[in-house]
Amino acid sequence: NGSMILLMRGCDSSVCLFRAGALARSARKARMSALEMSPTAFSPKRGQFATIFEDINGFLWVGTDNGAWRNEGDKFQQVTSTGTINSFWGLQNGSILAGSSGGLIKISKWGISKSVSVETKQALYIAGSAGDHSLWCLSPEKIYCIDEQFNILASAPSPYRHLSRQKFDTAMQTMALSGSSGKLFTLTDNGIVSFSLTDNKIVKTRITNKTTSLQQL
């Protein structure tokens, strides 16, 4: 930050904003260029890839069965080694929230990680925004709508209760997502179902029935 202030000192606001934006874009481009030029730089021990995420600062995050890793330009740095990381989400304060086989993990902008329990310690997948700074999270047993302080706003039975815990992390990435409307959409053998938060209750709406094949969508 000090070098940026020195560079900008003495310029008018429009030039300062332009230069600050250019610096941010250059830094982001440099990180991505380094990543693209070093495709073999990332080789986590025993790591199987589970998910990938880019935060608002342009940092690339990779979730594996050996924890979370963050791209530092010319290398990946392991941030946490806690279980399988199945999803990421960027919080308003700049921290990163990771879903894992052991629950949620909050990772500060300084790389300090802290485990967060929702109801009990369990596998949790972050499906996306539910609107108004709230998130959809799924466990093998329940769907949760939580706020960014990890308070439960509402919960409902999960449509994936039939899945084994071993299959849960992989299944969520292809069968559950949050749309721009803040609704959660799930795909199961019984069809596509949407969930929305209304008056602190989760409302379930069937989109297709179980006789609808994917070819018919």
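Look up: the structure comes first, before these words.
Residues numbered from 1 in each chain as written. Predicted model: local features only at pLDDT ≥ 70, side-chain atom pairs only at ≥ 80, totals over all residues. Heavy atoms only, no water.

## Digging into the packing of aromatic side chains
Cut-off, in case you're wondering: Note on ring pairs: Phe, Tyr and Trp rings are taken, using the six-membered ring of Trp, and paired if centres are within 6.5 Å. Classes follow the plane angle, with under 30 degrees stacked, over 60 edge-to-face and the rest tilted. Counting from the N terminus, the helices are DSSP H or I runs at least four residues long and the strands are E runs at least two residues long. Summary of the burial criterion: residues with accessible area below 20% of their type's maximum are buried, those above 50% are exposed, and those between are partly exposed, where the area comes from a 1.4 Å probe applied to protein chains only. By definition, being over a ring means that NZ of Lys or CZ of Arg is both within 6 Å of the ring centre and within 35 degrees of the ring normal.
Going through the model one piece at a time under the given rule, you end up with two aromatic pairs. A centroid spacing of 5.9 Å and a plane angle of 50° characterise the contact between Trp61 and Phe88, whose relative ring orientation is tilted. One end of the pair, Trp61, is in strand E2 (residues 60-64); the other, Phe88, is in strand E5 (residues 85-90), and 27 residues separate them in sequence. Taken as a pair, Trp61 and Phe88 share a single burial class, namely buried. Joined through ring pairs, the aromatic side chains of Phe53, Trp61 and Phe88 make up one cluster. Over the ring of Phe59 we find Arg70, and its NZ or CZ is 5.1 Å from the ring centre.

## Details of the pairing of strand E6 (residues 96-100)
Each regular strand carries side chains that alternate between the two faces of the sheet. Here is the rule we go by: Two strands qualify as a pair provided DSSP detects at least 2 bridges between them.
Most of E6 is tucked away: five of the five residues are buried. Where burial is concerned, the two faces of E6 agree: the one with Ile96, Ala98 and Ser100 and the one with Leu97 and Gly99 are both buried. One ladder, built from five bridges, connects E5 with E6; its direction is antiparallel. If you follow Ile85 over to E6, its bridge partner there is Ser100. Taken together, E5 and the strand that follows it, E6, pair antiparallel across an intervening segment of five residues, in which Gly94 is found at a positive phi of about 95°. Sheet analysis places E6 next to strand E7 (residues 103-107), joined by five bridges and oriented antiparallel.

## Considering the pairing of strand E10 (residues 134-138)
Across the five residues of E10, five count as buried, placing the element largely inside the fold. A two-sided burial pattern is seen for E10, the buried positions comprising Ser134, Trp136 and Leu138 on one face and Leu135 and Cys137 on the other. Bridge count for strand E9 (residues 125-131) against E10 is five bridges, and the pairing is antiparallel. Residue pairing for E10: Gly131 is matched across the bridge by Ser134. Here E9 folds back onto E10 in antiparallel fashion, the turn holding two residues, of which Asp132 has a positive phi close to 55°. As paired strands, E10 and strand E11 (residues 142-147) are joined by five bridges and run antiparallel to one another. Each bridged residue has a counterpart across the sheet, and for Trp136 the counterpart in E11 is Cys145. Where E10 hands over to E11, the hairpin turn is made up of three residues, counted between the paired strands.

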